[in-house]
Amino acid sequence: MNPFAPEELFELGSCQHGELFSGCTNAWEALARLPAYLRSVLRPGIRGEVEHGAYVAADVEIADGAKVEAGAYVRGPALIGPGTEVRHGAYVRGNVLTGAGCVIGHASECKTAILLDRAAAPHFAYVGDSVLGSDVNLGAGAKLANFKLVPGTVVVRRPDGTSVDTGLRKLGALLGDGVQIGCNAVTSPATVIGRESIIYPNASVQGTVPPRSVVAWRPGLVIRPRREPGAR
C-alpha cells in the first residue's frame, strides 16, 4: 500500500475536482498539474458575491453562492468553488482551487493549494503548496510550512523510515479527509497526515502520520501558589 496515493488520503468520487488526481501515483503530483487544470476548467467571472473593497483579479472564477468579503485579495488563476467564503483580510496568491463550501478566513494565506469540499483555513493560517482533504479544519494560527531551510529538494518520509525524493523545492502538507489541526500547530515541509487524524494545539509535526492518529505535544506545566506581598 502506498500511503501517499490519492485514494488513501481522499474520497475523490464524492468531491468536486477529483479528476485532478486521476493517474497520480502520489497525491503531491496534483500540485504540479494544478496550473494546467485551472486553465482547462476556469470560467473567469463573478457568479457569487464580491463585497465592495475586495480585490478579485481577472483570471478568477467566483462560483455560484461563493462570497468574497471586503478586504480580501484574490489573485489568479484561482477557482473559488460554490458556497466558499473568502473572508476579510484573506490573501489568495494564485493557483488556488477550492471545492464546495470551503473557508479561507481572516489573515489566512493560500498559494498553490487544493482545498477539497468543506476544507477550512478560517483564521491566521498559511497553506502553501498543500492539499487539504474534505472536511479538514485548521485551527487558528496553523501553518503548513512548504520551504526547506537548507538547499535541496523536498523528501517525504514513509512510515517505515525510508524516503521518497519528490523532486520539488517546495511542498507543504497533504492532509487526508477529516484531519483536524489544533491552534498554532506547524507542519514541516512534506508532512503527510492520514485521514481523520487529530493534531493537538502547538504541536510541530513532520513525516507521515497514519490514519486516525492523535498527535500531542505536552510540555510540563508548573502551577504554584502566588507569594503574599512582601514574602520572600
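Thresholds, definitions, all that
Residues numbered from 1 in each chain as written. Predicted model: local features only at pLDDT ≥ 70, side-chain atom pairs only at ≥ 80, totals over all residues. Heavy atoms only, no water. Helix = DSSP H or I, 4+ residues; strand = E, 2+ residues; numbered from the N terminus. Rg over C-alpha atoms; globule rule 2.2 N^0.38 Å. Buried < 20%, exposed > 50% of the residue type's maximum accessible area, 1.4 Å probe, protein only. Areas by Shrake-Rupley, 256 points an atom, 1.4 Å probe, with all protein chains shown as cover. Polar contact = N/O pair within 3.5 Å; in protein donor to acceptor, adjacent residues only side chain to side chain. Contact = heavy atoms within 4.5 Å. 1 Å grid on protein atoms, 1.4 Å probe; cavity = no way out; pocket = protein on both sides within 12 Å on 5 of 7 lines; lining within 4 Å. Points joined across faces, edges and corners; volume = space filled by probe spheres on them. Nonpolar A, V, L, I, M, F, W, Y, C, P; charged D, E, K, R; others polar. Salt bridge = Lys/Arg side-chain N within 4 Å of Asp/Glu carboxyl O. Phe/Tyr/Trp six-rings, centres within 6.5 Å; stacked < 30°, edge-to-face > 60°. Core = buried A, V, L, I, M, F, W, Y, C linked by side-chain atoms within 4.5 Å. Pairing = 2+ DSSP bridges.

Right, let's get into the overall build of the chain. The helix and strand inventory of the chain stands at two helices and 26 strands. Relative to the 2.2 N^0.38 estimate, which gives 17 Å for 232 residues, the radius of gyration of the chain is 19 Å and therefore close to what a compact globule would have. Projecting the C-alpha coordinates of the chain onto the three principal axes gives extents of approximately 70 × 45 × 35 Å. Every one of the 232 residues in the chain was classed for burial, and the buried ones make up 47%. For the chain, the computed accessible surface area is about 11100 Å², with 52% contributed by carbon and sulfur atoms.

Position of T208 relative to the elements: it lies in strand 25 (residues 208-209). At a separation of 2.4 Å, a polar atom in the side chain of T208 contacts the main-chain carbonyl oxygen of R157. In contact with T208, other than residues within four places in its own chain, are F4, V156, R157, R158, P159 and V192.

Here the focus is the layout of surface pockets. In this structure, the largest pocket occupies an estimated 220 Å³ of space. In this structure, the largest pocket is lined by K148, T153, V154, V155, R157, S188, P189, A190, Q206 and G207. Looking at the lining of the largest pocket residue by residue, the class counts come to four nonpolar, four polar and two charged.

In the structure shown here, the tally under the stated rule is eight salt bridges. Across the pair R43 and E61 runs a salt bridge, and its minimum N-O distance is 3.8 Å. You can see R43 sitting in the loop between helix 2 (29-41) and strand 1 (45-46) and its partner E61 sitting in strand 4 (residues 60-62), a full 18 residues away along the chain. We note a salt bridge from D129 to K111, for which the minimum N-O separation is 2.8 Å. Taken as a pair, D129 in strand 14 (residues 126-132) and K111 in strand 12 (residues 109-115) lie far apart in primary sequence, 18 residues in all. The burial state of D129 is the same as that of K111; both residues are buried.

A few words now on unusual backbone geometry. Excluding glycine, residues mostly carry a negative phi; peptide bonds, for their part, are mostly trans. Geometrically, the link from G76 to P77 is a cis peptide bond, its omega value of -5° lying close to zero. With respect to the secondary-structure elements, P77 resides in the loop between strand 6 (73-74) and strand 7 (78-80). Despite not being glycine, A190 has its phi angle at roughly 65°, a positive value. Mapping A190 onto the fold places it in the loop between strand 21 (186-187) and strand 22 (191-193). Classification of A190 by relative accessible area gives buried; the value is 3%. With phi around 55°, R212 is a residue other than glycine that occupies positive phi space. Tracing the sequence through the fold places R212 in the loop between strand 25 and strand 26 (214-215). R212 gets classed as exposed once you look at its relative accessible area, which sits at 63%.

Turning our eyes to something else, we now look at the packing of aromatic side chains. The full count for this structure, using the stated rule, is four aromatic pairs. Considering the side-chain rings of F4 and W28, the 5.5 Å spacing of their centres and the 50° angle between planes classify their relative orientation as tilted. Taken together, the residues span a long stretch of sequence, with F4 in the segment before helix 1 (6-9) and W28 in the loop between helix 1 and helix 2 at a distance of 24 residues. We note that F4, like W28, is buried. Among the aromatic residues, ring-to-ring pairing joins Y55, Y73 and Y91 into one connected group.

One finds V86, V127, L132, L138, L175 and I181 to be the most contacted residues of the largest nonpolar core, which totals 37 residues. Those elements giving two or more residues to this core turn out to be strand 4, strand 7, strand 12, strand 14 and strand 19 (173-175). Counting residues per element, this core draws most heavily on strand 12, which supplies three residues. L9, L20, L42 and L171 belong to the second largest nonpolar core, which has 28 residues in total.

Attention now goes to the pairing of strand 12. Within strand 12, six of the seven residues are buried, which leaves it mostly tucked inside the rest of the structure. In this sheet, strand 12 lies alongside strand 9 (residues 91-92) in parallel orientation, the contact comprising two bridges. In the sheet register, V92 faces strand 12, and the bridge partner there is C110. Note that strand 10 (residues 96-98) and strand 12 share three bridges and pair parallel.

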